[in-house]
Amino acid sequence: MVRIAVDEERDETTPVGVVAWDSDRLWYNWRLLAPDESVAGVYAWNRKFLEIVREQLGRWADTRRVPYAENPVEPTSDRFWNAASKVLTTAVRLSRPRAMDPMRDPDDEIEALFEAVVQPKQPPRRQSGRIDGQISRALGSAAKDLPKRIRVAAYGGAREQVRRGAVTDRGVLLVDGVNLAARKARDAADALVSRFRRIREAQARQTHIVVGYTSSPGGLNGEAHMRDWIRQELTEKVFDLTTEEEEFRAATLAAWREVVDDRQERFL
């Protein structure tokens, strides 16, 4: 974990990033607070130290050289990061390494780890775009045929937008996702449940719902109860978009076949 000093007199720090590596896969990466993200206590005066550390980590990794370590030292090793943690002890600090379960998709899961640990405020468009990308990836080749941003009749004559789906004479298919690793995961889960219940209330036809979610590694954000709430209130078809891609795609395609007649060339 990367922490930054927010009150030096009281020695108070706050998380601003994460570092992860895998010696077996020879993989490493870090994710630090971006310019358009914010955390309480991080301002221009201390954010500049984070940018210095970002550059310093890059130099150490490129040269395989870190003070307090016998050189060369690989950034995929504990030795590299133990040495780095001995250097970074003032304005920006690097915690000593801790073991965690191997990541299935490291480049994607480090983002979820960052969100769960740092809990930053992020632009809504970035949050939405990340879920969109994960749903598209999970759907694979089927993504090109499943319409985006459909608007569906909901309770009280309103219309609600869904990320993907179809409405035909045979039924309604609703496909959406939620980031359960993020700072306001509970609010997002509640909003999704409420929106889909309003849609389902207005439908006379059978409604199929498939939900994908982003989780934090090891359930660090405590999202299990939010996932279970969605399952209880909406559908059993709730899948982790990182570890259950195939199940998510299979459930979506099965519902698609129920809703879309094979003789129809396009969704209605």
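In what follows, the structure referred to is the one given above.
Presented here is an overview of the structure given in this document. (Residues numbered from 1 in each chain as written. Predicted model: local features only at pLDDT ≥ 70, side-chain atom pairs only at ≥ 80, totals over all residues. Heavy atoms only, no water.)

### Quick notes on the pairing of strand E5 (residues 148-153)
As paired strands, E5 and strand E6 (residues 159-168) are joined by five bridges and run antiparallel to one another. Residue pairing in the sheet places Lys148 in a bridge with Arg164 of E6. The turn linking E5 back onto E6 is made up of five residues, and Gly156 within it adopts a positive phi angle of 75°. (Pairing = 2+ DSSP bridges. Helix = DSSP H or I, 4+ residues; strand = E, 2+ residues; numbered from the N terminus.)

### A short note on the nonpolar core
Val2, Leu33, Val66 and Trp81 are the most contacted members of the largest nonpolar core, which has 33 residues in total. Sequence-distant contacts of Val66, defined by excluding residues within four places in its chain, comprise Trp60, Asn71, Val73, Phe80, Ala83 and Ala84. Within the second largest apolar cluster, 21 residues are counted, among which are Val178, Ala185, Ile199 and Ile209. (Core = buried A, V, L, I, M, F, W, Y, C linked by side-chain atoms within 4.5 Å. Buried < 20%, exposed > 50% of the residue type's maximum accessible area, 1.4 Å probe, protein only. Contact = heavy atoms within 4.5 Å.)

### Concerning unusual backbone geometry
Along the chain, Asn71 connects to Pro72 via a cis peptide bond; the corresponding omega equals -5°. Within the secondary structure, Pro72 sits in the loop between helix H1 (44-63) and helix H2 (78-87). The backbone of Leu26 shows a phi angle near 55°, a positive value even though the residue is not glycine. Of note, the phi angle at Arg149 is positive, near 50°, even though the residue is not glycine. Tracing the backbone through its elements, the reader meets Arg149 in strand E5. Judged by its relative accessible area of 35%, Arg149 falls in the partly exposed class.

### Comments concerning helix H7 (residues 245-259)
For H7, built from 15 residues, the straight-helix expectation of 21 Å at 1.5 Å per residue is met to within 8% by its first-to-last C-alpha distance of 21 Å. Of all the positions in H7, only Glu245, Phe248, Ala251, Thr252, Ala255 and Val259 are classed as buried. The buried residues of H7 occupy an angular sector of 140° when the element is viewed end-on, so they sit on one face. Opposite the buried face of H7, at more than 90 degrees from it, the exposed residues are Glu246 and Arg257. (Expected span 1.5 Å × (residues − 1). Arc of directions from axis to C-beta.)

### Quick look at the side chain of Ser216
Looking at where Ser216 falls in the secondary structure, it is placed in the loop between strand E8 (207-214) and helix H6 (224-233). The exposure class of Ser216 is buried, given its relative accessible area of 3%. Excluding residues within four positions of it along the chain, Ser216 makes contact with Ala112, Ala116, Ala181, Asn221 and Glu223.

### Comments concerning a nonpolar patch on the surface
Nonpolar side chains collect at one region of the surface, where Tyr43, Trp45, Phe49 and Ile52 lie side by side and expose about 420 Å² of accessible area between them. Tracing the chain through its elements places Trp45 in helix H1. (Patch = residues over 30% accessible without salt bridge, like charges linked within 9 Å, V, L, I, M, F, W, Y side chains within 5 Å. Areas by Shrake-Rupley, 256 points an atom, 1.4 Å probe, with all protein chains shown as cover. Salt bridge = Lys/Arg side-chain N within 4 Å of Asp/Glu carboxyl O.)

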